[in-house]
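Analysis of the macromolecular model
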Amino acid sequence: MDRQELAERLFPGVSETPQEIMDRYPPRKLPEGAAVTRMAPSPTGFMHLGNLYGAITDERIAHRSGGVFMLRIEDTDAKRAVEGGVQKIIEVFDRFGLNFDEGALADGETGAYGPYRQRQRERIYKVFAKALFLAGRAYPCFATEEELEAIRQEQAAKNENPGYYGKYAVWRDAPAERIAEALDAGREYVIRYRSEGDPAQKAVCTDLIRGRLEVPQNDSDLVLLKSDGIPTYHFAHVVDDTLMGTTHVVRGEEWLATLPYHLDMFRTMRELFGWKTPKYLHTAHMLKMEDGHKRKLSKRKDPELALDFYRSGGYPERALIEYLMTILNSNYEEWRAANPDADWRDFPFSVKKMSSSGALFDMEKLRDVSKNVISRMTADEVLAGVLGWSAEFDPELHALLDADRDYARAIFAIGRGGAKPRKDLVTWADARGYLDFFYDGLFRPVYALPACADGAAAAAILRDYAGAFDPADDRDGWFARVKSLAARFGFAPETKLWKQDPAAYRGHVGDVSMILRSALTGRTNSPDLYDVCSLLGADRVRARLSAAADALSEN
Ligand code: GLU
C-alpha cells in the first residue's frame, strides 16, 4: 500500500489541498506595521485576571498599530466547555471596553478569517495533517494508553526526558503494511508530528517581553490530531495563527515549556508551505505575596483571581484596567500623574516596558486605584456604575436610586469635580454606606456628641437650630447662621477665637457643626453639611433635628 492510499484511509473525505485552504486566507490589507492579535480563551466559564491582562496587551498592540484584534474560541476540549461560556467571554470583554474587530460572537461570528471556533475548523486541521503525512512529516500512532504509560515509567526510572521520541517512538517508522494491518484491525490511533529536531542543537526565538530565548530543539513526536480527530492546542495554534494572520501571539508564560514544539512545527511548515513564525510575547504570571513569599495566584485558593470577584464586589471596570496598566507598563503611573484626566488608551503603551518577572497583584493598591478612579468620575458616571452594580447585587438600593435619579445624581455630585474630590467610594458596594442617610428608609441614626456638650445641651442647640434653619440661605448665609447659633450657646463662632482663649468658651463652631451633623446624618463624618441640608430639604432637616433633640434629651 503506498502513502497516498494510506492517506486516503487515514483522512477519509479530506480532498482539499493546503494551497486551496491558504488561498482562502489571503494576507490582510493593513497599513505597514499593523499588528494582528487574538485572544484565544477556552469557553470554560472562568475568566480571570490573567485573561484580562493578556487581553489588554493584545488590544493595545493591535489598536495602537492600526491592526486587528480577534476573538478565537478554543473549544477543542469538550469536557471543559460550559454552556454559555462564549457568551460570558464576550460580555466580559465588552464590559471592559476591549472591543474585538473580528471573531466569535455570542451566536455566529464576524470577519473573513474564520471560522473562529476551533471545533468548526476540524476539516482545515485535517487537510494540513494529511499534507504533513504525505510529506513524511506525520504518521499514525497506534500506541495504547498502557504502552504510553510504560514508556513514561521507563523514562522516569532512567531519568530521561518524557515524551514520544527516539527509540520510544515505535510507530515513527512503521512500514505501510503494519499501519494498514492496524487500520484493518480497527485499532484506535492518533496522528503524530514527525519531528526532525535535535535536542543537542538550539532553537532560537526572540520573545518581545523576554528577549532572546535559546531552547534545546524539540525531538518529541507530539500529537497533532487526537483519536477523535480533534487537534491538540499545539497544532491548532500553528495552523490557526498562520491562517488568521496573527502577527503577535500574546499568551501566558505556562506556554514557554512547549514553545520548542511550536518553533519546531513552524520550521517544518516554513519548509513545506512557506509559513512564518509569529512574534511571541509570554506574559508573566499573576503573583501574590503570602507570608513574605510570592506565589502564583491560584484558581482554587484565591477568589480574587476570578473576574467575577470584582464584578460582584463592585469594582469599576476602569479601575481594574487602570490598575493592570500600572503592572503592565512601569511608566504608566508617572504618565497618569501628569495626565490625570486622560483616557487610558492615550497612554503610549509599549511592549518594551513589559516585565518578564511575575506581576505582583496587590489588592490594597487596586483599592487605592479604584478610589481615585471613582473620585474623578462625573456624578452621572458614578450613578450609572452604582445602578448597574446594584441592579444585580443590591436590588433594594437600586430601587431607591432608580425611583428618583436626579436626587441620586445630586448626592453623588457633592464634593465632586474640584481639584480635591471626595474619595468616599472604593467600590460601588460602598455607595450604600455612603448615602444611606439621604434616604429615610435607610437612615439609622447614631448620635455622637463632642465631649463639651451633653445630651441636654445638644438638644437645646438642635431645637434652636430647627427654628432658625432657613432653606433659602446660600452657603455663606447658612454658615453665618451656624456661627450665630454657636455664639448664642457660648461656643466660639470661629475656631481661631477659641484657640486664643479656650477657657472663655464651651467649645467652638466645629463642635456645634458636629452636633448638627450627628443629628442630620447619624455620623461623625459626612459630605458638606450645607449640601446635605439642601438635598434633604427643609422638612426632613427639621424633622431630623427634632427627632435627635427628643432622643438626646431623654438620655
Ligand atoms: N486556549 C489557550 C489558553 O486559554 C490559549 C493560549 C494562547 O493564547 O495561545 O491558555
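Quick summary incoming for the structure in this document. (Residues numbered from 1 in each chain as written. Predicted model: local features only at pLDDT ≥ 70, side-chain atom pairs only at ≥ 80, totals over all residues. Heavy atoms only, no water.)

**Focus on the packing of helix α3 (residues 49–64) against helix α11 (residues 317–328)**
One can describe the packing of α3 onto α11 by two numbers: an axis separation of 10 Å at closest approach and a directional angle of 75 degrees. By the angle class used here, α3 and α11 are roughly perpendicular. Packed against α3, whose contacting residues are L49, L52, Y53, I56 and T57, the element α11 presents L320, I321, L324, M325, I327 and L328 at the interface. Residue classes in the contact of α3 with α11 are distributed as ten nonpolar, one polar and no charged. (Axes fitted to C-alpha atoms, helices over the stretch in contact; angles between N-to-C directions. Helix = DSSP H or I, 4+ residues; strand = E, 2+ residues; numbered from the N terminus. Parallel < 35°, antiparallel > 145°, perpendicular 65-115°, else oblique. Contact = heavy atoms within 4.5 Å. Nonpolar A, V, L, I, M, F, W, Y, C, P; charged D, E, K, R; others polar.)

**Considering the nonpolar core**
Membership of the largest hydrophobic core comes to 168 residues, with the highest contact counts inside it found for F128, F235, F412 and F438. Element by element, the count of residues in this core is highest for α11, at eight residues. Those residues in contact with F235, other than ones at most four positions away along the chain, are Y125, F128, A129, L132, L224, L225, M265 and M269. (Core = buried A, V, L, I, M, F, W, Y, C linked by side-chain atoms within 4.5 Å. Buried < 20%, exposed > 50% of the residue type's maximum accessible area, 1.4 Å probe, protein only.)

**Brief notes about the sheet that holds strand β9 (residues 223–225)**
Taken together, the three strands give an open sheet; going across it, the order is β5-β6-β9, and neighbouring strands pair in antiparallel fashion. Edge positions in the open sheet fall to β5 (138–141) and β9, since each of these has one partner strand only. Pairs of neighbouring strands in the sheet enclose a mean axial angle of 45 degrees, with direction left out of account. As paired strands, β5 and strand β6 (residues 190–193) are joined by four bridges and run antiparallel to one another. Looking at β6, one finds that P140 is bridged to I191. (Pairing = 2+ DSSP bridges.)

**Quick notes on the sheet that holds strand β12 (residues 286–290)**
Pairing between sheet strands relies on hydrogen bonds along the backbone, with the strands arranged either parallel or antiparallel. Within the open sheet, the three strands sit side by side as β13-β12-β14. Their pairing is mixed. Two strands bound the open sheet, and with one partner strand each, they are β13 (293–296) and β14 (359–360). As paired strands, β12 and β14 are joined by two bridges and run parallel to one another. Bridging across to β14, L287 finds its partner in L360.

**Some details on helix α16 (residues 405–413)**
Structurally, the α-helix is built with 3.6 residues per turn, so residues lying three or four positions apart point the same way. What α16 keeps buried is the set Y407, A408, I411 and F412. Down the axis of α16, the buried set is contained in an arc of 135 degrees. They therefore lie on one face. Those residues of α16 hidden inside the fold are in contact with α14 (379–393), α15 (395–403), α17 (431–435), α22 (529–536) and α23 (538–554). Positive backbone phi, at 70 degrees, marks G415, one or two positions downstream of α16. (Arc of directions from axis to C-beta.)

**Examining the packing of aromatic side chains**
In total, this model carries 27 aromatic pairs according to the counting rule given. Relative to F100, the ring of F93 lies with its centre 5.7 Å away and its plane at 75 degrees, an arrangement referred to as edge-to-face. Relative accessible area serves as the criterion here: at 0%, F93 is assigned to the buried category. Ring pairing ties together the aromatic residues F309, Y310, Y315, Y323 and F361, which thus form one cluster. Above the face of the Y113 ring, R28 is positioned so that its terminal group lies 3.8 Å from the ring centre. The ring of F443 has R544 lying over it, and the distance from NZ or CZ to the ring centre is 3.8 Å. (Phe/Tyr/Trp six-rings, centres within 6.5 Å; stacked < 30°, edge-to-face > 60°. Lys NZ or Arg CZ within 6 Å of the ring centre and 35° of its normal.)

**So, helix α19 (residues 475–488)**
For α19, which comprises 14 residues, the first-to-last C-alpha distance of 20 Å matches the rise-based estimate of 20 Å (1.5 Å per residue) to within 8%. Among the residues of α19, those classed as buried are W478, V482, L485 and A486. In a view along the axis of α19, the buried residues occupy a sector of 100 degrees, so they form one face of it. Backbone geometry just downstream of α19 places G490 in the positive-phi region, at approximately 80 degrees. (Expected span 1.5 Å × (residues − 1).)

**Structural notes on the pattern of salt bridges**
Once their charged atoms are close, side chains differing in charge can pair, the charge on each being opposite to the other. Inspection of every chain in the model, using the stated rule, returns 51 salt bridges. Two residues, R24 and E16, come together in a salt bridge whose shortest N-O distance is 2.7 Å. Overall, R24 belongs to the partly exposed group, its relative accessible area being 44%. Residues D531 and R475 are paired through a salt bridge, measuring 3.0 Å at the closest nitrogen-oxygen approach. (Salt bridge = Lys/Arg side-chain N within 4 Å of Asp/Glu carboxyl O.)

**Observations concerning the side chain of S513**
Within the secondary structure, S513 sits in helix α21 (residues 509–521). Looking at S513, the relative accessible area reads 13%, which means it is buried.

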